[in-house]
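Close look at the chain arrangement
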Amino acid sequence: MEESMETKEAVPEGDSETRKTSIEKSAEKIKVRIENVNGWYGSKRAIKDVNLDIKEKSVTAFIGPSGCGKTTLLRCLNRMHEMTPGAHADGRVVLDGIDIYDKSIDPVVIRRRIGMVFQKPNPFPTMSIFDNVAAGLRLNGMRNKTIIREIVEESLKNAALWEEVKNQLEQPGMSLSGGQQQRLCIARALAMQPEVLLMDEPTSSLDPIGSSKIEELVRILKDSVTIIIVTHNMQQAARVSDFTAFMYLGDLIEYGLTNQIFMKPEKELTERYISGKFG
Ligand SMILES: Nc1ncnc2c1ncn2[C@@H]1O[C@H](COP(=O)(O)OP(=O)(O)OP(=O)(O)O)[C@@H](O)[C@H]1O
Ligand SMILES: [Mg+2]
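Residues numbered from 1 in each chain as written. Chains lettered and ligands numbered in written order. Predicted model: local features only at pLDDT ≥ 70, side-chain atom pairs only at ≥ 80, totals over all residues.

1. Here's the deal with the environment of Gly276
With respect to the helices and strands, the residue Gly276 is situated in the segment after helix H12 (268-274). Distance in space between the C-alpha atoms of Gly276 and Gly64 is 11 Å, their sequence separation being 212 residues. (Helix = DSSP H or I, 4+ residues; strand = E, 2+ residues; numbered from the N terminus.)

2. Let's talk about helix H5 (residues 129-139)
For H5, the complete set of buried residues consists of Ile129, Asn132, Val133, Ala134, Gly136 and Leu137. Lining the buried residues of H5 we find helix H6 (145-158), helix H7 (162-165) and helix H8 (178-191). Gly141, located one to two residues past H5, shows a positive phi value of around 90 degrees. (Buried ≥ 20, exposed ≤ 12 C-beta atoms within 10 Å, placed from the backbone. Contact = placed C-beta atoms within 7 Å.)

3. Focus on the sheet that holds strand S8 (residues 226-230)
Read across the sheet, 6 strands follow the order S6-S7-S8-S3-S9-S10 without closing on themselves; strand pairing throughout is mixed. Single-partner strands in this sheet number two, and they are strand S6 (114-117) and strand S10 (251-257). Averaged over all pairs of adjacent strands, the angle between their axes in this sheet comes to 15 degrees, without regard to strand direction. Relative to strand S7 (residues 196-200), S6 is paired through 4 bridges, and the arrangement is parallel. (Pairing = 2+ DSSP bridges. Axes fitted to C-alpha atoms, helices over the stretch in contact; angles between N-to-C directions.)

4. Notes on the nonpolar core
Grouped together as the largest cluster of nonpolar side chains are 69 residues, with contacts concentrated most on Phe62, Ala187, Leu197, Ile227 and Ile229. Ranked by the residues each element gives to this core, the list is headed by H8, at 7 residues. (Core = buried A, V, L, I, M, F, W, Y, C linked by C-beta atoms within 7 Å.)

5. Here we look at the packing of H5 against H8
H8 packs onto H5 with a crossing angle of 30 degrees between their chain directions and a minimal axis gap of 8 Å. Classified by the interaxial angle, the pair formed by H5 and H8 is roughly parallel. Along this stretch, H5 crosses H8, giving a crossing that reads as right-handed. Listed contacts from H8 to Ile129, Asn132, Val133, Ala135, Gly136 and Leu137 of H5 are Leu184, Ala187, Arg188 and Ala191. (Parallel < 35°, antiparallel > 145°, perpendicular 65-115°, else oblique. Left-handed = near helix turned anticlockwise from the far one by under 90°.)

6. Let's talk about the sheet that holds strand S2 (residues 44-55)
The 4 strands are arranged S2-S1-S4-S5 in an open sheet whose pairing can be described as antiparallel. The two strands at the open ends of the sheet, each matched to only one other strand, are S2 and strand S5 (98-99). Summarising the sheet, strand S1 (residues 30-41) and strand S4 (residues 87-95) pair through 8 bridges and their orientation is antiparallel. Counterpart to Tyr41 in the pairing with S4 is Ala87.

7. Regarding unusual backbone geometry
Phi at Asn36 is positive, roughly 50 degrees, even though this residue is not glycine. Topologically, Asn36 is positioned in strand S1. A positive phi is found at Lys57, a non-glycine position, where the angle reads about 50 degrees. Turning to its location among the elements, Lys57 is positioned in the loop between S2 and strand S3 (59-63). Overall, the presence of 20 C-beta atoms within 10 Å leaves Lys57 in the buried class.

8. With respect to the site of ligand 1
The full set of residues close to ligand 1 is Tyr41, Ala46, Gly64, Ser66, Gly67, Cys68, Gly69, Lys70, Thr71, Thr72 and Thr84. Of all the elements, helix H3 (residues 70-76) adds the most residues to the shell around ligand 1, at 3 residues. Partitioning the shell around ligand 1 into residue classes produces 3 nonpolar, 7 polar and 1 charged. (Near = placed C-beta within 6 Å. Nonpolar A, V, L, I, M, F, W, Y, C, P; charged D, E, K, R; others polar.)

9. Concerning the pairing of strand S9 (residues 243-248)
Buried residues dominate S9, accounting for 6 of its 6 residues. Side chains of S9 alternate between two faces, with Phe243, Ala245 and Met247 and Thr244, Phe246 and Tyr248 buried alike. Examined bridge by bridge, S3 and S9 share 4 bridges and lie parallel to one another. Opposite Phe62, over in S9, you have Ala245 as the bridge partner. Here S9 runs beside S10; their pairing, made up of 6 bridges, is antiparallel. Pairing of Tyr248 across the sheet is with Asp251, part of S10.

10. Notes on the packing of H5 against H6
At a minimum axis distance of 9 Å, the contact between H5 and H6 shows a crossing angle of 115 degrees. Crossing of H5 against H6: the hand is right-handed. Contact with H5, carried on its side by Phe130, Val133, Ala134 and Leu137, involves Ile148, Ile151, Val152, Ser155 and Leu156 of H6 and no other residues of that element. Among the residues forming the contact of H5 with H6, the class breakdown is 8 nonpolar, 1 polar and no charged.

Structure representation (structure tokens):
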């Protein structure tokens, strides 16, 4: 107690929040531990023995050439991979100390804790903006209209979409622009209050303004959510991520602080990829 008061006094006014965040970050709690994960399509192994620790409340970028397994690995992390017919994963994915592949674990609960945003915005086509965000809550049995309304508003605010849609919540989700639809999908994911958010090339179909809104959002969200983002855009990876994992042909080649990976990669393959020599 005394110690925390001392710490507080030493912090200039207004900086306590920043300081708290950096103290929390320095603890570097591991949120997701990926251990010897293989991802299979039938007998084809698309992900090979990947080991990686994802730090809590950080942004990790998965980069690598097309077909190297970024999406597959991402989908192994919330048990979406096994929903592809013929596909399965082995190894361990440990979320806060619990192996999500343990037989006792319900994958639906895992997908609630580890949300996902896809490359192509996919609002539920027949639903309004409001219902798109509320859908997951209702599916989980939430009936209290006031609470649903509150969560929908908060999620749309956190997805930086509220101001643009607050007067048209009953319009179809599909009536929004591509960038707005992607933020709607982010709001839909946030409504479930995920601890981890997986984003698979979330800006690949957006213009620069739409992309920068999503990037800004990622920077804000990481204060409360652990984020993994797949991107083909090296500048984007450098701008938004704290850590970067470079993959090639199903292998995790190199992982580290984003600055280090971009400025001084250890492997020649990484250096060739980030300098645009292939991929
Ligand atoms: N449904 C599927 N059935 C069989 N093989 C698949 C399937 N989906 C992906 N693969 C294969 O798994 C490997 C990894 O694909 P994945 O989609 O994970 O790559 P990626 O790094 O996300 O590529 P991109 O950058 O193009 O999105 C590729 O060889 C791909 O052909
Ligand atoms: Mg992909």
